[in-house]
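An overview of the molecular structure
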Amino acid sequence: RTATVCVVALAALSCVAAFTTPSVFTPARLTSARFSSAVNGRAPRAASLRMEESAAPEAKERTVRAPVFDEVCEQTGITLTRYMMEVARSNPDLRDLESLIGGISLACKTIANLVDRATITGMVGYQDGGGSVNVQGEEQKKLDVVTNDVLKRALKFTGKVGVIASEEEDTPVFNKDAYKVPGGEGKYKDVLADIGSKYVTVFDPLDGSSNVDANIPTGTIFGVYEEAESMENCVMEKGAVEGQCLLNTLQPGTALAAAGYCLYSSSCMFVFTLGAGLNGFTYDRSIGEFVLTHPNMQVPKRGKIYSFNEANRWNWDKPLQEYVTALQTAQGETGVQYSARYIGSMVGDVHRTLLYGGIFGYPADTKNKDGKLRLLYEAAPMSFLMEQGGGLSLTGKTRIMDLKPQKVHQRVPFLAGSYDDVMEMRSYYDACDDPKIIKRCLDRLEGNI
């Protein structure tokens with residue numbers, strides 16, 4: 001691969017001892033019990049009606065050995081290419097993820113260039129002059145369509161992705177080429193093909209695409225799941241999604257093998273996790289590589305920023321209204337008045353929250369009782385990142401990672417950020433005895449939506 005050749009060619013340059021990471025990391029599994037005990041440790045604000053929470057879906061426990069870098073080339077730093085090569089060497093069972101992450105990062109570089117040049121190339125405005133609508137009923141921008149195609153092709157070409165689910169696709173897309181075998185048909189007929197592991201990849205190709213025309217930050221969000229069972233015999237007929245394919249796609253966040261986002265802003269950043277901590281890489285255009293600039297990212301336990309679209313304030317749940325009022329009037333647990341910051345692009349708002357702390361959310365309201373963000377390819381991957389950085393992500397009361405999607409484009413409320421800030425927010429929901437809110441939370445947990 002070009003990127004690998006670049007790294008090898010530069011390896012002859014002088015190198016220096018540098019960054020090392022812990023050799024072994026076992027992902028922490030936050031549980032509902034932990035949430036309950038944390039809340040119960042505080043003095044209740046009012047008589048609290050506790051909701052019974054179902055057990056989290058079973059997920060495959062994995063121990064990921066993080067790479068150790070004894071030497072680092074002073075000209076290139078630690079590139080994403082080298083990082084994934086070292087991950088594969090330390091974790092042979094993750095070798096196929098090396099190709100997959102490489103495909104995603106290449107797509108992100110391409111999208112970064114498309115976004116940078118959108119005004120020059122005319123890739124602004126609505127697809128087909130307006131009227132092109134995705135399955136969510138949202139009018140598509142030109143870049144929505146193009147970036148979706150870029151990611152689909154990049155993932156398909158890795159040969160490691162069996163099913164792809166996207167915000168811009170009505171149903172999951174089955175990649176039959178990933179299951180070609182020796183002696184089969186087409187280009188694999190006389191080739192000894194390496195079948196290897198197959199993954200389900202979900203993504204929002206260009207979050208905040210409506211902001212491109214105004215040069216406001218946008219981003220790509222992705223999540224990677226292992227196959228729940230082989231999809232080799234998965235069949236698509238007349239646009240219908242065969243049950244086996246859908247079963248592999250609709251997995252809870254606890255089953256994620258990897259997740260991340262790429263931020264297109266003043267610089268282009270690739271932030272991702274394999275379940276062994278959170279790392280951020282900045283795109284160095286001079287060498288065409290993402291370079292590690294934010295190792296072992298950690299969300300501050302407390303912040304001083306809240307980030308919501310306050311135009312919807314009076315449509316929010318009463319507990320959230322009370323919580324935000326407390327932050328604005330210095331009546332919260334810290335006694336400090338918080339500042340408001342809101343970009344309106346999930347990737348930008350989450351990135352700031354990861355770095356500075358505080359709380360960001362797109363909550364439920366009277367118009368959108370399940371919020372606006374999609375569970376499968378927005379809320380769950382971002383929740384995985386937030387927890388890997390030591391933060392927390394809830395619907396208001398329920399851990400988002402525990403929710404099993406009932407449909408591909410299911411929406412869910414999203415409130416995430418610093419652990420202590422999110423737990424303080426949750427204490428307001430714990431003290432709420434509104435039967436409608438309680439029923440809604442229980443229905444979401446039980447999949448009755």
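Residues numbered from 1 in each chain as written. Predicted model: local features only at pLDDT ≥ 70, side-chain atom pairs only at ≥ 80, totals over all residues. Heavy atoms only, no water.

Under the 1.5 Å per step criterion, the end-to-end length of helix 12 (residues 435-446) is 16 Å for 12 residues, consistent within 8% with the ideal 16 Å. Of the residues making up helix 12, those classed as buried are Ile 437, Ile 438, Arg 440, Cys 441, Asp 443, Arg 444 and Leu 445. Each element contacted by the buried residues of helix 12 is listed here: helix 8 (318-328), strand 16 (411-412) and helix 11 (419-430). Structurally, the start of helix 12 carries an N-cap: the backbone nitrogen of Lys 436 is 2.9 Å from a side-chain oxygen of Asp 434. After helix 12 finishes, the residue Gly 447 shows a positive phi value of roughly 80°. (Helix = DSSP H or I, 4+ residues; strand = E, 2+ residues; numbered from the N terminus. Expected span 1.5 Å × (residues − 1). Buried < 20%, exposed > 50% of the residue type's maximum accessible area, 1.4 Å probe, protein only. Contact = heavy atoms within 4.5 Å. Polar contact = N/O pair within 3.5 Å; in protein donor to acceptor, adjacent residues only side chain to side chain.)

Across the protein chain, the average pLDDT comes to 81, with 75% of residues at or above 70. Every residue in residues 1-57 is under pLDDT 50, and counting partners more than four places away or in other chains gives 117 contacts. (pLDDT = per-residue confidence, 0-100.)

This paragraph deals with the pattern of salt bridges. Under the defined criterion, the tally for this structure stands at 22 salt bridges. Of the charged contacts, one joins Asp 421 and Arg 302 as a salt bridge, the two residues approaching to 2.9 Å between their closest N and O atoms. Here the residue Asp 421 occupies a position in helix 11, and Arg 302 occupies one in the loop between strand 10 (289-294) and strand 11 (305-307), the gap between them amounting to 119 residues. Asp 421 sits in the buried class, given a relative accessible area of 0%. You can call Arg 302 partly exposed: its relative accessible area is 25%. A salt bridge links Arg 444 to Asp 370, with the nearest nitrogen and oxygen atoms 3.1 Å apart. Taken together, the residues span a long stretch of sequence, with Arg 444 in helix 12 and Asp 370 in the loop between strand 13 (359-362) and strand 14 (373-374) at a distance of 74 residues. Exposure remark for Arg 444: the relative accessible area of 6% places this residue in the buried category. Members of the salt-bridge network, linked through shared partners, are Arg 302, Glu 333, Asp 421 and Glu 424. (Salt bridge = Lys/Arg side-chain N within 4 Å of Asp/Glu carboxyl O.)

A few words on the packing of helix 4 (residues 95-116) against helix 6 (residues 142-158). Working note: a packed helix pair is described by the angle between its axes plus the distance between those axes. Look at helix 4 against helix 6: their axes get within 8 Å of each other, and the N-to-C directions meet at 155°. Judged by the inter-axis angle, helix 4 sits roughly antiparallel to helix 6. Along this stretch, helix 4 crosses helix 6, giving a crossing that reads as right-handed. The segment helix 4 lies against helix 6, with Ser 99, Leu 100, Gly 103, Ile 104, Ala 107, Thr 110, Ile 111, Leu 114 and Val 115 engaging Leu 143, Val 146, Thr 147, Val 150, Leu 151, Ala 154, Leu 155 and Thr 158. Tallied by class, the residues present in the contact of helix 4 with helix 6 amount to 12 nonpolar, 5 polar and no charged. (Axes fitted to C-alpha atoms, helices over the stretch in contact; angles between N-to-C directions. Parallel < 35°, antiparallel > 145°, perpendicular 65-115°, else oblique. Left-handed = near helix turned anticlockwise from the far one by under 90°. Nonpolar A, V, L, I, M, F, W, Y, C, P; charged D, E, K, R; others polar.)

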